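Each chain is listed here by its residues.
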Amino acid sequence: MTSIARVMLSLAVAIGICAAQSPPKKAHIFHGKVEKVNAGAKTVTVNGEKVEGWMGAMTMDYKVDGASILNKVKAGDQISATVYDGDYSLHNVRVVTASDAKTN
Ligand SMILES: [Cu+2]
């Protein structure tokens, strides 16, 4: 075997091992109402609906996948987000219905 072939083979094995160790996590869609934005802790307190196989209906603090979303949501907003098995943070948060509350 040439040294190039040897390198290619070990690379292929390494990639194969990486892929085997990180199977795609199951995604769920989360719906809830924002109770509070905790800018310091970079979390949002959300009254969430039950997500089968992920979380019951409850109000709790969730981490978000980027701090910028904390400026886009406010108390009273209905949001949806993508969540993954084994990861209790909210990804790709979308405001579904903005709160009527005046924020000036
Ligand atoms: Cu919970």
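Refer to the structure presented above.
Predicted, not measured: the structure shown is a model, and the values here were computed from it.

Draft legend 1. Geometry of the sheet that holds strand 3 (residues 58–64). One closed barrel holds the 5 strands; their spatial order is 1-2-3-5-4, and the pairing between them is mixed. Mean inter-strand twist for the sheet, computed between neighbouring axes without regard to direction, equals 50°. Here strand 3 pairs with strand 5 (residues 87–97) via 2 bridges, running parallel. Residue pairing for strand 5: K63 is matched across the bridge by S89.

Draft legend 2. Structural view of the nonpolar core. One finds V34, V44, V64, V73, A81, L90 and V93 to be the most contacted residues of the largest nonpolar core, which totals 14 residues. If you list the elements that add at least two residues to this core, you get strand 1 (27–38), strand 2 (43–48), strand 3, strand 4 (78–84) and strand 5. If we ignore the near neighbours within four places in the chain, the residues touching V64 are K42, V44, I69, L70, S89, L90 and V93.

Draft legend 3. Representation of the pairing of strand 1. Two strands pair when backbone bridges link them, and strand 1 and strand 4 are joined in this way by 7 bridges, in the antiparallel orientation. Each bridged residue has a counterpart across the sheet, and for K33 the counterpart in strand 4 is Q78. Of the strand pairs in this sheet, strand 1 and strand 2 are connected by 6 bridges, and their pairing is antiparallel. Each residue of the ladder has a partner; that of K33, found in strand 2, is N47. Counted between consecutive antiparallel strands, the loop separating strand 1 from strand 2 contains 4 residues, among which K42 sits at a positive phi close to 55°.

Scoring rules and cut-offs
- Residues numbered from 1 in each chain as written.
- Predicted model: local features only at pLDDT ≥ 70, side-chain atom pairs only at ≥ 80, totals over all residues.
- Pairing = 2+ DSSP bridges.
- Helix = DSSP H or I, 4+ residues; strand = E, 2+ residues; numbered from the N terminus.
- Axes fitted to C-alpha atoms, helices over the stretch in contact; angles between N-to-C directions.
- Core = buried A, V, L, I, M, F, W, Y, C linked by C-beta atoms within 7 Å.
- Buried ≥ 20, exposed ≤ 12 C-beta atoms within 10 Å, placed from the backbone.
- Contact = placed C-beta atoms within 7 Å.

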